[in-house]
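Per-entry structural report
Chain by chain, the residues:
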Amino acid sequence: VRAVTVIPGKQGSVALSQMPEPPSEDGRILVQTQVVGICGTDQEIINGDYGEAPPPGDRLIIGHEALGRVAEAPPGTGFAAGDLVVGIVRRPDPVPCPACAAGDWDMCLNGRYTERGIAGRHGYASERYRIHPEYLVAVDPGLGTLGVLLEPVTVIAKAWEHVEKIGRRSTWAPRTVLVTGAGPIGLLAALMSVQRGYDTYVLDLVTEGRKPEMVRWLGGTYVHTGDLSEAAAAADIVIECTGHVQMLLEAARHHVRHRIVCLTGVSAAGAESMVDPGLLNRNMVLNNNVLFGSVNANRRHYELAAAALSQADHDWLAGLITRRVPLSQWADAYSRKPDDIKTVLTFSGETA
Ligand code: BGC
């Protein structure tokens, strides 16, 4: 099969490679890949900062956001040829730890989990892959290729679930949400915020173009980074989707009671902070604030995400996909353009 691969840790090693047919140990279901989404994690893997190849080879097939069509599914698996599907990214650790044993592999306690296309397992940017049915999720056929957005929505579905669980620690009446970052994760966080009926503000660096339009189309308010302070002053919930923690530390300067701040973006270590830790501590304690991080998703979050996608305006979702690049021009898909929101790589089997 043709697949996009890297030698993890080696910058410049990304290539379209001929790889062996997916082995039967990978699962009883054979999936034909249709569309693969590209995200910041793929860029980090390509840059050699992240990723791990499965033994015994040195190459890793990347791709963890993928919509496929079932090619072969034995009876009793719950799937049939022709079904539109998305593969789950993470696999539980082999011990398993108490969290993985309960299906909460997104909260793995020993860090020995694996992730398809990222850590220790081949991904989905391959013409075909095999998978066990318990790691496969059916996608609403009405979504068509928009189903490629399911995996990024799962990350946000988990973030929202955890915000709400933390919120139940006492009586709470949140009204205003601030999302930092109008990339795909930020816009999907805003979608789920609007679906919950919150007054939604989305902050980004740009002053014009598709991102502010997408926020307004949702019924949210677009805020330029320069006006962060004002938007942050009111937000009961902050979903941070950029990795630029400075922005949310700014938010922590304001007094909002019972504020919950969720970090979903990943940043590099070594940033200089202008924040006064004393002020941060004081405001968090005196206002019962919570700051927490969230990564990955378990099967329940895939189900929540599938429901959120089905309920969304499909034209709005289509607006998130700003470039579709055929596999033959794969390298172009991995080079960032200024107006990109979500770029996807299309495989020959792509449906309309
Ligand atoms: C993926 C997550 C994954 C994380 C860390 C993200 O891009 O969406 O599923 O857990 O990277 O590897």
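In what follows, the structure referred to is the one given above.
Some remarks on the overall build of the protein
Tallying secondary structure elements over the protein gives 11 helices and 19 strands in all. Here the C-alpha coordinates of the protein stretch approximately 55 × 45 × 40 Å along the principal axes. Expressed as a percentage of its 352 residues, the buried residues of the protein come to 53%. Long-range contacts, defined as pairs at least 24 residues apart, comprise 69% of the intrachain contacts of the protein with a sequence gap of at least 6. Total accessible area computed for the protein in this model is approximately 15,400 Å², and 52% of it derives from carbon and sulfur atoms. Side-chain charges in the protein split into 32 positive and 39 negative, and the spacing between the mean points of these groups amounts to 3 Å.

Thoughts on the sheet that holds strand β7 (residues 90-91)
One open sheet accounts for 3 strands, arranged β7-β8-β9; its pairing is mixed. Each end of this open sheet is capped by a strand with a single partner; those strands are β7 and β9 (120-121). Pairing of β7 with strand β8 (residues 114-116), which is carried by 2 bridges, proceeds in the antiparallel orientation. Counterpart to R91 in the pairing with β8 is T114.

Some words on the pairing of strand β5 (residues 65-72)
The two faces of the sheet receive side chains in turn, since in a regular strand these alternate between them. Across 7 bridges, the pairing between strand β3 (residues 29-37) and β5 is antiparallel. Across the sheet, the residue bridging to Q32 is R69, located in β5. Pairing geometry for β5 and strand β6 (residues 84-87), over 3 bridges, is antiparallel. Bridge pairing in β6 links L67 to V86.

Calculation rules
- Residues numbered from 1 in each chain as written.
- Predicted model: local features only at pLDDT ≥ 70, side-chain atom pairs only at ≥ 80, totals over all residues.
- Heavy atoms only, no water.
- Helix = DSSP H or I, 4+ residues; strand = E, 2+ residues; numbered from the N terminus.
- Buried < 20%, exposed > 50% of the residue type's maximum accessible area, 1.4 Å probe, protein only.
- Contact = heavy atoms within 4.5 Å.
- Areas by Shrake-Rupley, 256 points an atom, 1.4 Å probe, with all protein chains shown as cover.
- Lys, Arg positive; Asp, Glu negative; His and termini not counted.
- Charge placed at Lys NZ, Arg CZ, Asp CG, Glu CD.
- Pairing = 2+ DSSP bridges.

Purely geometric numbers; function is a separate question.
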